[in-house]
Every structure is written in C-alpha cells, then in structure tokens.
Amino acid sequence: MSLAEASGDTARQRLQKVLQQTPLFADLDPEALKVVERELTLLVLPGGASLFRVGEPADAVYVVTSGCLGVFRHESQAEALEPMLIAEVPPGNLVGEMSLLSQGKRTRSVAALRDSEVWRLPQTSFNALTSHHPEVLPALMRSVVSRNAADADAGKRRRQPRTFALLPSGPDVPAARFAVLLANALGRIGNQVQMLGSESLDQEPEWFARCEMESSFVLYRADPTLTPWTELCLRQADCLVVMRNADNDAPTRVPFEIETAQSGAVFHRRRELVLLHEGRDPGAGSTAPLLAGGLYGHHHHVRLDIHADVDRLARILTGHAVGVVMAGGGARAFTHIGVVKALREVGVPIDLVGGTSMGAIVAAGVASRWNDEELDVRFRRAFVDNNPLSDYTVPLISLFAGRRVTRLLRMAFDEKDIEDLILPYYCVTANLTTSKADIHTVGRLWRWLRASVSIPGVMPPFNEAGEVHVDGGVIDNFPVRAMQRLGRGMTIGVDIDTGGALAAGEGVMEPWSAWEFFSRLIWKRNETLPIPSIVRILLRSALVASTSRAAEDRSAAELLIVPPMTHIDLLDWTSFDAAIEVGYRTTMEAIEKARTLPVGARLFLA
C-alpha cells in the first residue's frame, strides 16, 4: 500500500467516525450512512486556503473531519479586505448548509484556519438525503439556528487567538528563552499551555487539533529559516509573533517574507512584532527603523529581565489586557496620577494607555514606565513650579506663544517617538482640516502632546503636513472607544467632569469695559473677579462639544472612574496634591465596589 493510499484510508476512517457523531447523520441506518459516505469527496485545505467565498453559488455542503474552518462576514465593500471572523467550525460540524437550503448564493466566506480535511456533499446528493430521510431535518435546523446565534453574537465580542507561531527573525534572537517565559506567562492566564517544536512535523492534522482542544494555548516554535516546519507553523497559528533582538544594530530584515500575504486571501492572520531587550529600555528614535514600514499590526517592547513585561505581552496577545483611558481637563487631569497610584497599589495591571490633552500627557508618563515618585516629581516640576501658561504674546493667533509648554514637554520626554514607549499608547488631537479626531500611535511624542493640548485661542495650533491640529478635547475628550477598538481586553475609563468650571457673579449682566476691569484690579484686587477670564472661557468652550457625548462614552468603559473635581479650577495648577488625592480615593472606592460584581465583570482585578 502506498503512502497516499494509507493517508487516504486514515482520512476515510476519520470520516466514518465523524459521520456517526454528527447530529445530521447520527440517526441514519448503516446502509443509508454508507450511501452518504460514497457521495462524499475529500478536500485537503492548507491553513489560510479558501473553501468558498461570499457571492459564489451554493452548490454543496461540507463536513469537517479535522482542522478548523472559519466563517467570515463582510459588512460592506469597504470592509471586504478585513472581514470579521464570526464563527469557528471544528471537526464534526457542517458548513455551507444555510445557503444550500435557501438555494441562493453564499452570504459568508469560509476558509481554513488550520490545515484541514473537509468532505464535500454536492447539492444533488444533499437534496436526495433530505428527501429520502426527512428525519435529518430537525438536526439540520438546529445547526442553522445555532450558526445564526453565533453570527448575531459575533458583533458583541472579538474572538481572541489561542495558537501562536513564534518566529525568530534570525539566529541571534533568544527564542528558546523567550518561548519559555511566554509559556509561563500564558500559564498564569489559562490552565494548560503546549509548546510544539519541529519534532511534531510528521503528525497528522487530527493530532494538532487534539493538542488545541486539550490546551488553553498552543505555542508553535518555528525555525529561524523557512523550513517545512516553519511553513506548518505559519498555517496553524491564529497569530504570528515575530521576535527581534532590538539591541542588535544589524539591519532589519523581514523573516520568511511572512508579510507578502497571499493574493486574494479570505483573511490575514494577526501579526505582532516583539522587540526583545536585555537590561535596557529602547533609546529615543530607535524603534521606528525596526517596524518594517508598518507591516506589523502592533509592536511590543519586552525586557527579558522584567517578567512583568512578558506577563503584559501575554495579556495583550490573548485579550486579557487592561487599558486605561485618561480624559483631558486642565489642572484637574492631575487626578489621573492618583488613579494610577491606586491601581498599582491593589495590583491592577496597566497594559495600554491613551488619552486626550492633559490626560494624554499623564498617560505618556505612565507609558514611559515612570514610577509613582517620578510621576509626582516630574509633573510637579513642570506644572506647579513652572506655570506652563505664562508666555503671553500678541494675540493674533493665541494668547500664549506655547514655547514654554513645548520646552517643558521636550524636557520631560526628550526626543522619544511614541513607538519608543514601553506600553502601547495613543493620544488624540482634533484635526481642524478634516474635522475629525486623529488617533496618534507613531511620531515624535512631544510634538503630538503639544498638539493635543493646543486649546484654540489659548495656544497656537499645531501644523503637520498641511493639516491643523488643536486640543483633542474639541472633538473627543474621553477617547475610550479608541481603546475598545483595539480589542485587547478590559477598559478602565477615567473621565473628568468639567462642569462648574465657568461662572459669573449674579449681578454681572453685561461685559465689563476696560475701565471697570482695571479699576477692579486697583481698588478691589483682593476680591475674586466676578467674571471668567478669557482663558477660562476659551478652555471651557473647547470642551463643550465633547462634553455632550460624555454619557455615551462613559457607558463604553467596563470600569468607569469619575473623580468629583468641580471644586478644583481647570487652571489651578497649585491644586496638584488635592487632585491626586481625589483620584486615589475615588479609584479605591470604585475598585472596592467592583469586587462585589460577578466574576466575569471583574476579571481585571488581581
């Protein structure tokens, strides 16, 4: 018997076993089952290959006997390049039956997520089966209902990867050490982790499927070159994790040409770049040359000597991460420092951060891995000891020149790029040229922070590539949805109530004249002015639009923290310690309340 015949016999045995267990065929008598078996033809699909595509005629139903298929939904033509995975079809299940019953065209695309075996039952045979054996119809309808329920639920949650191909970019990468560290970190999330190497090359698809069924996560350790084992790893994994030695100054090369995706493929696997460091953080401007021109979905800095970095990576890869979003709000944004201190104290990890305006600046400090003392000292020096709004200028464009803010930001963050930050990070600006909120994940950090705090009329706008950017709070002061779109896990939102920030004396009906203003300063200078200053008016005006959508944004966070801040003025930098204390206390209260929630609602708690 030849190897092909032996392989065919094994596939046939798998088919017979599946037919006896599949609900559609389980009630058939042995003779009818043999008739169905004779009508089936084997298709071997390598991982990534298409079974059928949306819009094609429905001419067959398929039985999966090994591997795993994915069902993909295309919402629109614009989304056709990036379809959504709405269901997985493991062995023992049918696929394609819904379109066949409706006698129409395929409404979904189906492709092999792993190396898979499927058996094709043509439409004529399917029609004969349902006609001669109507007892199979109830099971068939249950399958349709179940698939529709999965389809409807797909929009509510994103399916997270469970199998990872670890791809070293060269022989200098400490791949074995990293693989062990990652396996241990994944083990703290799931019950069982399997690591497979090239010794598993000759195993049958059914064996790999069993490994995945028995494990929470599977790591495929690829070779440093494009060997047959590496090719199998590329086909089997949900997520491709490319490892690069970031401390090596050798030119970047793309491993195995994995970025040259198959032309017309139904789906592309998630690609993550892990930049490994030994005993040091990335230098300013050192990361961008390593990113292969944006070919990777995301990149992650991991110091091999800091286990917390590997734990963070494991959470991000598997959708168990905690993202913290920080709203803007002038001096009130110092409350974020108190929130961070409280989260760290109780052991809630901060894996990703993002923010707007002053919230973006505090978030950048967190993403830089500043400890509690550094956050306190650095921001106190920049905003309390040195008032950032003191360089008045001729008000042709703004009241302040903005040079002082620029200098303080450059002193704090040097010439770092956003890509150099240890934690994944984004900040938001309002693009007045396009009338949209822009999310910034690359570029010189201080420049985009300067743009994110450019309150219209108070500081000059920031111009980049012919587009005009101002304070992100003009459009999106609480960018929690940007964090949720990343789909990496739980979101903690820290919003700042900007209410009570503007008021006038009850007896003030008309704007004051210049004489009234200066006379007040001379003869009643110890009394609080009963009219708001122009800076306060401009700052509050910039936040009005995004405040109107606060309720909708707040509902998007799994844990919402809103420190009571109306007693602190938006420009009172001297309230630094009071704002931190309010943030700390409010967060502790919110966490204590969250501990009483069901387990599923408090997964981020230590």
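Analysis parameters
- Residues numbered from 1 in each chain as written.
- Predicted model: local features only at pLDDT ≥ 70, side-chain atom pairs only at ≥ 80, totals over all residues.
- Heavy atoms only, no water.
- Helix = DSSP H or I, 4+ residues; strand = E, 2+ residues; numbered from the N terminus.
- Buried < 20%, exposed > 50% of the residue type's maximum accessible area, 1.4 Å probe, protein only.
- Contact = heavy atoms within 4.5 Å.
- Areas by Shrake-Rupley, 256 points an atom, 1.4 Å probe, with all protein chains shown as cover.
- 1 Å grid on protein atoms, 1.4 Å probe; cavity = no way out; pocket = protein on both sides within 12 Å on 5 of 7 lines; lining within 4 Å.
- Points joined across faces, edges and corners; volume = space filled by probe spheres on them.
- Nonpolar A, V, L, I, M, F, W, Y, C, P; charged D, E, K, R; others polar.
- Pairing = 2+ DSSP bridges.
- Axes fitted to C-alpha atoms, helices over the stretch in contact; angles between N-to-C directions.
- Salt bridge = Lys/Arg side-chain N within 4 Å of Asp/Glu carboxyl O.
- Parallel < 35°, antiparallel > 145°, perpendicular 65-115°, else oblique.
- Left-handed = near helix turned anticlockwise from the far one by under 90°.

*Asks:* Can you help me understand the overall build of the protein in this one?
*Replies:* Check the secondary structure of the protein and you find 20 helices and 22 strands. Across the 606 residues of the protein, 51% fall into the buried class. The long-range fraction of contacts in the protein, counting pairs at least 24 apart against all pairs at least 6 apart in sequence, stands at 77%. Surface exposure of the protein reaches about 27500 Å², of which carbon and sulfur atoms provide 53%.

*Asks:* I'm lost on empty space enclosed by the protein in this one. Help?
*Replies:* In this approach a probe as big as a water molecule rolls over the atoms, and the regions it shows empty are the leftover space. Tallying each qualifying case throughout the model produces three cavities of 30 Å³ or more. Surrounding the second largest cavity, Ile 361, Trp 370, Arg 378, Phe 379, Ala 382, Phe 383, Leu 408, Leu 409, Ala 412 and Phe 413 form its lining. When residues of the lining of the second largest cavity are traced back to their parent elements, those giving at least two are α13 (372-384) and α14 (403-413). Taken together, the residues of the lining of the second largest cavity break down into nine nonpolar, no polar and one charged.

*Asks:* In this structure, what is going on with the pairing of strand β4 (residues 69-73)? I would like to understand it.
*Replies:* Most of β4 is tucked away: five of the five residues are buried. The alternating pattern of β4 places Leu 69, Val 71 and Arg 73 on one face and Gly 70 and Phe 72 on the opposite face, and all of these are buried. By the bridge criterion, five bridges tie β4 to strand β5 (residues 84-89) in an arrangement that is antiparallel. Bridging across to β5, Gly 70 finds its partner in Glu 88.

*Asks:* Just to check I follow, could you spell out the sheet that holds β4 for this structure?
*Replies:* Note on sheets: strands pair through backbone hydrogen bonds, and any given pair is parallel or antiparallel. Sheet architecture is open: four strands sit in the order β2-β7-β4-β5, paired in antiparallel fashion. Each end of this open sheet is capped by a strand with a single partner; those strands are β2 (50-52) and β5. For this sheet, the mean angle separating the axes of adjacent strands, direction not counted, is 30°.

*Asks:* What am I meant to see in the pattern of salt bridges here?
*Replies:* Two side chains bearing opposite charge may form a pair once their charged atoms approach each other closely. Per the stated rule, a full pass over the model turns up 31 salt bridges. Across the pair Asp 351 and Arg 315 runs a salt bridge, and its minimum N-O distance is 2.7 Å. Of the two residues, Asp 351 sits in the loop between α11 (335-346) and β16 (352-356) while Arg 315 sits in helix α10 (residues 307-318), which places them 36 residues apart along the sequence.

*Asks:* Whenever I open this one, the packing of α11 against α13 confuses me. Can you help?
*Replies:* The angle between the axes and the distance between the axes are what describe a pair of packed helices. Viewed as axis vectors pointing N to C, α11 and α13 meet at an angle of 170°, and their least axial separation amounts to 10 Å. Relative to α13, the element α11 lies roughly antiparallel. The segment α11 lies against α13, with Ile 337, Val 340, Lys 341 and Arg 344 engaging Asp 372, Leu 375, Asp 376 and Phe 379. Among the residues making up the contact of α11 with α13, the classes are represented as four nonpolar, no polar and four charged.

*Asks:* What's the story with helix α12 (residues 358-367) in this structure? I'm lost.
*Replies:* Helical periodicity: at 3.6 residues per turn, an α-helix aligns residues three or four positions apart in one direction. Most of α12 sits out of view: ten of its ten residues are buried. Of all the positions in α12, only Met 358, Gly 359, Ala 360, Ile 361, Val 362, Ala 363, Ala 364, Gly 365, Val 366 and Ala 367 are classed as buried. Residue Arg 369 follows α12 closely and has a positive phi angle near 65°.

*Asks:* What is the right way to look at the packing of α14 against helix α15 (residues 445-452) in this model?
*Replies:* Two elements in contact, α14 and α15, have axes separated by 9 Å at closest approach and are oriented at 140°. The angle between α14 and α15 falls in the class oblique. Considering the relative orientation of α14 and α15, their crossing is right-handed. Seen from α14, the contacting residues are Val 405, Thr 406, Leu 409, Arg 410 and Phe 413; seen from α15, they are Leu 445, Trp 446, Leu 449 and Arg 450.

*Asks:* I tried to follow unusual backbone geometry on my own but got confused; where do I start?
*Replies:* It is generally the case that most residues other than glycine have a negative phi and that most peptide bonds are trans. Backbone geometry places Arg 369, a non-glycine residue, at a positive phi of 65°. Relative to the elements of secondary structure, Arg 369 occurs in the loop between α12 and α13. Its identity is not glycine, yet Ser 435 carries a phi of approximately 60°, on the positive side. Take Ser 435: it is sitting in the loop between β17 (425-431) and β18 (436-440).

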